[in-house]
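Structure assessment
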Amino acid sequence: MSIEFTETNGALELIRNNDGEYVIISNPEYIFPEKEIYRLAPKSLLPVDHIEAVLMDMDGTTTTTEELCIHSLEYAVRQISGLEKPRDWAGLDRNEDYPHIIGNSTTKHVEYLISKYGSKAKPDSLKKSFLFAALWTLVYSRDMNRINEVKANIKKFLPQKSADLLLSFETDKKTAHKDVFEKIVKSTTKKLKDKLQIEGKDDVVRATIDIYYQRYHQILHRIKKGEAGKLQKELGLSTGKSLIEPMQGTAVFLPLIKGYFGAEAGKLLEYLMEEYRHKDPAFDGAESIDTYRENLSRIGKHFEDHPSKVAVVTSSISYEAEIVLAQLFSELRNIFESFKISSKRKKIILEKFSSPHNFYDAVITATDSSEIRLKPHRDLYSIALYKIGVPKSGFANVIGLEDSQSGTVAIRAAGVGKSIAVPFAHTQGHNLSGAALIADGGLPEIILKHNLFLKQNI
Ligand SMILES: [Mg+2]
C-alpha cells in the first residue's frame, strides 16, 4: 500500500484514466466523507471455458430468510410506536419500503425506517421495548458481539447505578427460566423505564437495532430448537413449510457447480424445470427438453472435471449465518434424498452437505468486516475473492449472484463483471440495473438458459 497526496486535478486524472462506470455511495452520518465513489467492473456476460468461483448472497438468493428479516424490522417499528396490530398500522409498504430495507446493512435499514416512521415512536413504547430487548439479549443471546453492543447501549442510555442493575442479569443463571425472566422484565421496566434517556435520531436507531435483532434472533433460536412449523403459524408468514428453505434451483445449483452430479446431472432436469416454473410462471420449456437434458449432463460433467469454488457472502452477522445455513443444509439433505441419482453420488453429496463448512470454500459474513463497510461497498466480496484465492486475472471467470440492488453493485465494485440479479417477490421493486443480467427465472434460468455462462463447446 502506498499513500500519495494529490489535489482535485490529480484525483480527477485517476478517474479519467479509468474510463467506465462509477457509483456514488452515501455514507452514514457519522462517517467523514458524505459520499464515496467506486469504479465498477464492466458488465459482462461473455461465455468462458471454465468457472473459477461462484460468490452468492445468502438471504433472498440462497435462502428464503429475507421474509424473516422483514418481519423483524416491521416488528421493531410496531414495538417502538405501540402500533402492534395491523388495524393500528397496516405495516411496511412493499413498493416504497422494501427497496430500502433489503440487501444493505441492518443500520442502514433501521436508519431508513426511523427517518420514515420515527415520528410514530412513543417514548413509553420505545423504552419498554428497548428494556425487553436488552434483557432478552443479556439472558438468552449466544452472540458476544450482540451482547457487547447491547451493553454499550445500556451504559449510554442509563445512569451508572441503573445500568449496573440491568447488566447484573447477564451473569445470573436463574434468570433464564421463563417465569423468572418475565418477572424480571416486569420489575425492571417499572424501576428503570423513567431513568432511560433515548434521545435524538441516533439513539432511537441504536435502540431499534437492538429490538430488531432480539426478534430475529429469538426466531432463529426457535428454528434451531425445531419449532419452525409452530412459529410459522404464530407469525402467519407465507414462506414454505419450514420458514428457512432453499431458493428455487439451489438444490441442483450447489452440487452441480462442485461437480458432484457429474453426467448424472441430466436426471435432475424435471426437478429443475419445476423449480423454474415456480420462479417464473411464464417458463414452459417443453419444446427444448432434449437440448436442456443434454446440456445439463454436459455441464455436470464439465464441473466434475473443473469444480468451481463457492463462497457465501452475506451482510448477516456470523451468528445468524451459522443458524440459517445449518437449517438450510438440513432442508437440502432432505431434498437430495428424493433425487433419483446413483446411490454412490448421493452418498458423496450427503457427506459434502453434512455441514455448511464442509461444503463452502468460504463463508463471509458481516462479522468479517464492519457494519459501515457492508454491501453496496465492495469489501465482503473482495474478502471472499481473496480468501478463496482467486487472483484478479481470474475475475472474468467468477459469477456473483444477488437478489438486491446493493448486492449487485458490490459484486461489480469488487471487480466481477458477471454480476447476476436473481430477484424474488420482495426485491421486485429494487433497481437492479447495476447487474449484467436480471434473471427472473433465478438459478434454474442461469443453468438452463445461460448455460452457466460456459461456452457451448466445453
Ligand atoms: Mg439478499
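Along each chain, residues carry numbers from 1 onward, in the same order as the chain's sequence is written. Only residues with pLDDT of 70 or above have their local features reported here, since the model is predicted, and side-chain atom pairs are shown and tallied only from 80 upward, although totals for entire chains, interfaces and linings are computed over all residues. With hydrogens and water excluded, all non-hydrogen atoms of the structure serve as input to the side-chain values.

1. Notes on the overall build of the protein chain
Defined as follows: Strands are runs of DSSP state E lasting at least two residues, helices are runs of H or I lasting at least four, and both sets are numbered from the N terminus onward. Relative accessibility under 20% of the residue-type maximum defines a buried residue, over 50% an exposed one, and the middle range a partly exposed one, all with a 1.4 Å probe and only protein chains included. In this description, contact between two residues means that some pair of their heavy atoms is separated by no more than 4.5 Å.
Along its length, the protein chain carries 19 helices and eight strands. For the C-alpha atoms alone, the extent of the protein chain along its principal axes is close to 70 × 60 × 40 Å. The burial tally for the protein chain puts 56% of its 458 residues in the buried class. Within the protein chain, counting contacts between residues at least 6 apart in sequence, those at least 24 apart form 72% of the total.

2. With respect to the packing of aromatic side chains
Short version of the rule: The criterion for an aromatic pair is that two Phe, Tyr or Trp rings (for Trp, the six-membered ring) have centres within 6.5 Å, with stacked assigned to planes under 30 degrees apart, edge-to-face to planes over 60 apart and tilted to the rest.
The full count for this structure, using the stated rule, is 19 aromatic pairs. Ring centres 5.1 Å apart and planes at 35° place the aromatic pair F329 and F353 in the tilted group. Here F329, found in helix α14 (residues 318–338), pairs with F353, found in the loop between α15 (343–352) and α16 (356–359); they are 24 residues apart in sequence, far enough to count as distant. Like F353, F329 is buried. Arranged with centres 5.7 Å apart and planes meeting at 50°, the rings of F329 and Y360 form a pair that is tilted. Here Y360 lies in the loop between α16 and β5 (362–364) and F329 lies in helix α14, a separation of 31 residues in the sequence. When its relative accessible area of 0% is taken as the criterion, F329 is described as buried. A network of ring pairs unites the aromatic residues Y260, F261, Y271, F329, F336, F339, F353, F359 and Y360 as a single cluster.

3. Remarks on the pairing of strand β4 (residues 309–313)
Defined as follows: Should DSSP find at least two bridges between two strands, the strands are taken to pair.
Counting buried positions along β4 gives four out of five residues, so the element sits mostly inside the fold. Pairing of strand β3 (residues 53–56) with β4, which is carried by four bridges, proceeds in the parallel orientation. Bridge pairing in β4 places A53 opposite K309. As paired elements, β4 and β5 share three bridges and run parallel to each other. Paired with A311 across the two strands is A362, which belongs to β5.

4. Quick word on the pattern of salt bridges
Here is the rule: Counted as salt bridges are all cases of a side-chain nitrogen of Lys or Arg within 4 Å of a carboxyl oxygen of Asp or Glu.
Overall, the coordinates contain 27 salt bridges when judged by the stated rule. A salt bridge links R222 to E234, with the nearest nitrogen and oxygen atoms 3.0 Å apart. Taken together, the residues R222 in helix α9 (residues 200–224) and E234 in helix α10 (residues 228–235) connect sequence positions twelve residues apart. A salt bridge links K387 to D368; its shortest N-O distance comes to 3.6 Å. Placement of K387 in helix α17 (residues 379–387) and of D368 in the loop between β5 and α17 is noted, with a sequence separation of 19 residues between them. Accessibility expressed as a relative area gives 33% for D368, which makes it partly exposed.

5. Regarding the coordination of the magnesium ion
Operational definition: Metal donors: N, O and S atoms at distances within 2.8 Å, or within 3.2 Å for Na, K and Ca, with water omitted from the atom set so that some sites may seem incomplete.
The protein atoms donating to the magnesium ion are D57 (OD), D59 (O) and D403 (OD), with metal-donor distances spanning 2.2 Å. Along the chain, the residues that donate to the magnesium ion are spaced as D-x1-D-x343-D. Remark: D403 occurs in the loop between β6 (398–402) and α18 (405–413) and D59 occurs in the loop between β3 and α2 (66–81); sequence separation between them is 344 residues. Both residues of the pair, D59 and D403, belong to the buried class.

6. Focus on the pairing of β6
Put simply, the test is: Clockwise travel from the first strand over the helix to the second, with the strands pointing away from the viewer, marks a crossover as right-handed.
Counted residue by residue, β6 has five buried out of five residues, so it is predominantly covered. A two-sided burial pattern is seen for β6, the buried positions comprising V398, G400 and E402 on one face and I399 and L401 on the other. Where β3 and β6 come together, four bridges link them in parallel fashion. Considered in β6, the bridge of M56 is made with L401. Sheet topology places β6 next to strand β7 (residues 419–421); three bridges connect them, and they run parallel. In the strand pairing of β7, G400 is matched with S419. Between the parallel pair β6 and β7, the chain is carried across by α18, and the sense of this crossover is right-handed.

7. Some remarks on helix α13 (residues 289–305)
Operational definition: Each helix should span, by expectation, one fewer than its residue count multiplied by 1.5 Å. In this description, the arc belongs to the directions extending from the helix axis to the C-beta atoms.
For α13, spanning 17 residues, the distance from its first C-alpha to its last is 25 Å, which sits close to the expected 24 Å at 1.5 Å a residue. Taken as a whole, α13 has its buried residues at Y292, N295, L296, I299, G300, H302 and F303. For α13, the angular spread of buried residues about the axis comes to 160°, placing them on one side. Seen from the buried face of α13, the exposed residues on the opposite side, beyond 90 degrees, are D290 and E294.

8. A few points about the domain arrangement of the protein chain
For the record, the criterion: Marked domain ranges trace back to an automatic or database domain assignment. When two components associate, each loses some accessible surface as probed by a 1.4 Å sphere; the sum of these losses over both components is called the buried area.
As far as domains go, the protein chain holds domain 1 (53–64 + 244–453) and domain 2 (66–235). Computed over C-alpha atoms, the centres of domain 1 and domain 2 are 32 Å apart. Taken together, the 25 residues of domain 1 in the interface contact 23 residues of domain 2. The largest share of the area that domain 1 buries against domain 2 comes from Y319, E371 and H426, three residues that together contribute 32% of it.

9. Here we look at unusual backbone geometry
P376 follows K375 through a cis peptide bond whose omega is 15°. Locating P376 in the fold gives a position in the loop between β5 and α17. With a phi angle near 55°, N451 is a residue other than glycine that sits in the positive phi range. Relative to the helices and strands, N451 is located in the segment after α19 (442–448). Classification of N451 by relative accessible area gives buried; the value is 5%.

10. Observations regarding a nonpolar patch on the surface
Put simply, the rule reads: Patch members must show over 30% relative accessible area and no salt bridge, and they are joined within 9 Å when carrying like charges or within 5 Å when they are nonpolar side chains of Val, Leu, Ile, Met, Phe, Trp or Tyr. Using a 1.4 Å probe, the Shrake-Rupley method yields the accessible areas, and only the shown protein chains count as cover for residues.
A grouping of I15, I24 and I37 is seen on the molecular surface, where their side chains present a nonpolar patch of about 280 Å² in accessible area. Here I15 shows up in helix α1 (residues 8–17). Classification of I15 as partly exposed rests on a relative accessible area of 32%.

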